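Examination of the molecular architecture
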Amino acid sequence: MVPYLLLEGGDEPVVPVSDWTTDLMVGDASPNTCRAYCYVLLTWFRVLWTIEVDWQRATEGDVVAMVGWMLAAKNPQRARRPDSAPAGSVNLKTGKRYLPDRYGASTINLTLAAVRGFYEFHAHLGEGPVLNPVPESRREAMVNRHRTPDTPRSPARRGRLRQKSPRPAPRAMPDLAWDELFAAMGSDRDRAERWQPR
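Residue indices begin from 1 for each chain and proceed along its sequence in written order. The predicted nature of this model means local features are confined to residues of pLDDT at least 70 and side-chain atom pairs, given and counted, to a pLDDT of 80 or more, with totals for whole chains, interfaces and linings taken over all residues. Only heavy atoms go into the side-chain values, all of them from the structure, while hydrogens and water stay out.

Only buried Ala, Val, Leu, Ile, Met, Phe, Trp, Tyr and Cys residues count toward a nonpolar core, and they belong to the same one when joined by side-chain atoms within 4.5 Å. Throughout this description, buried means an accessible area under 20% of the type-specific maximum (1.4 Å probe, protein chains only), exposed means over 50%, and partly exposed covers the range between. Ranked by size, the top nonpolar core spans 29 residues in total, and within it L41, W44, F45, V63, L112, F118 and Y119 carry the most contacts. Elements that contribute at least two residues to this core include exactly helix 1 (15-26), helix 2 (31-51), helix 3 (60-72) and helix 4 (105-124). We count a stretch as a helix when DSSP gives it H or I for four or more residues in a row; a strand needs E for two or more, and each element gets its number in order from the N terminus.

Here's what the structure looks like:
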């Protein structure tokens, strides 16, 4: 039933993670969500294994250590070939920025949300630490306490350790790129009239 497992050492699954992902799948979560959360918890458990702390004794200080490591470490998935453009640079043709070589704010926030959800699940079962090691935004919890499911969440100050996600700047396609696009189209049916501002 669980499409992905987190393995410890050899081929033994990490049972607390398997229990949580099983619950997610029963709740009709996507297999891709399960995969993403397994990778997130792999990061979390690697931190715990490194500092030799059992997951049931994790504290907020351990979460701070994980966030600090993610802010300082390079993301191995962002390694680029020597002949490619440097990480974080801008493609001059498209104006799109290449991903930086560090962990992004959205990755850190996803990690915090998933680890918090993992501990909330186990707290419901009476397992794990008394306090969730991932702090939440008390202001957000107060503002959205009586929100109905069909009402959008009210904005509030982000929780402690949550990173500020930069809004992407709007990009424009250069005229030369438009000309190349239209020239590459094989027929009049495929060509579109270029939009002109009024």
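This part is about the pattern of salt bridges. Side chains that carry opposite charge are capable of pairing whenever their charged atoms lie near each other. Any Lys or Arg side-chain nitrogen located within 4 Å of an Asp or Glu carboxyl oxygen qualifies as a salt bridge. Per the counting criterion, the structure on display carries four salt bridges. Close ionic contact of R102 with D101 constitutes a salt bridge, the shortest N to O distance being 3.9 Å. One connected set of salt bridges, linked through shared partners, spans K74, D101 and R102.

Turning to the packing of helix 2 against helix 4, a few remarks are in order. Direction vectors running N to C along helix 2 and helix 4 enclose 85 degrees, while the axes themselves pass 9 Å from each other. The angle between helix 2 and helix 4 falls in the class roughly perpendicular. In this structure, helix 2 contributes Y37, V40, L41, W44, F45 and L48 to the contact, and helix 4 contributes L110, T111, A114, V115, F118 and Y119. Amino acids are sorted into nonpolar (Ala, Val, Leu, Ile, Met, Phe, Trp, Tyr, Cys and Pro), charged (Asp, Glu, Lys and Arg) and polar (every other residue, Gly among them). Split into classes, the residues belonging to the contact of helix 2 with helix 4 amount to 11 nonpolar, one polar and no charged. Axes, fitted as lines to C-alpha atoms, cover a helix only where it is in contact. Angles between the N-to-C directions of the axes lie from 0 to 180 degrees. Orientation labels follow simple angle bins: below 35 degrees gives roughly parallel, above 145 gives roughly antiparallel, 65 to 115 gives roughly perpendicular, and whatever is left gives oblique. In this analysis, two residues are considered to be in contact whenever any of their non-hydrogen atoms come within 4.5 Å of each other.

So, on to a nonpolar patch on the surface. For patches, a residue must show more than 30% relative accessible area and have no salt bridge; joins then use 9 Å for like charges and 5 Å for nonpolar side chains, namely Val, Leu, Ile, Met, Phe, Trp and Tyr. With residues, only the protein chains shown are counted as cover, and all accessible areas are computed by Shrake-Rupley using a 1.4 Å probe. A cluster of nonpolar side chains, M173, W178 and L181, forms an exposed patch at the surface whose accessible area comes to about 250 Å². When you line up the elements, M173 lands in the loop between helix 5 (138-143) and helix 6 (175-184). On the basis of relative accessible area, M173 is assigned to the partly exposed category, the value being 39%.

In this model, D28 sits at a positive phi of 70 degrees, which is unusual for a non-glycine residue. Within the secondary structure, D28 is located in the loop between helix 1 and helix 2. Residues other than glycine seldom take positive phi values, yet E52 does so here, at roughly 55 degrees. Looking at where E52 falls in the secondary structure, it is placed in the loop between helix 2 and helix 3.

The relation between two aromatic rings is expressed through the spacing of the ring centres and the mutual angle of the planes. Stacked, edge-to-face and tilted labels apply to pairs of Phe, Tyr and Trp rings (six-membered ring for Trp) whose centres lie within 6.5 Å, assigned for plane angles under 30 degrees, over 60, and everything in between, in that order. If you walk through the whole model with that rule in mind, you get nine aromatic pairs. A centroid spacing of 6.3 Å and a plane angle of 85 degrees characterise the contact between W44 and Y119, whose relative ring orientation is edge-to-face. Of the two residues, W44 is situated in helix 2 and Y119 in helix 4; the sequence distance between them amounts to 75 residues. For the residue pair W44 and Y119, the accessibility class agrees, reading buried in each case. Considering the side-chain rings of F45 and F118, the 6.0 Å spacing of their centres and the 75 degrees angle between planes classify their relative orientation as edge-to-face.

What follows covers the environment of Y4. The residue Y4 is located in the segment before strand 1 (7-8) in this model. Assessed through its relative accessible area of 33%, Y4 is described here as partly exposed. Residues Y4 and Y37 lie 33 residues apart in sequence; the distance between their C-alpha atoms is 9.5 Å. Setting aside chain neighbours within four positions, we find Y4 in contact with T21, P31, C34, R35 and C38.

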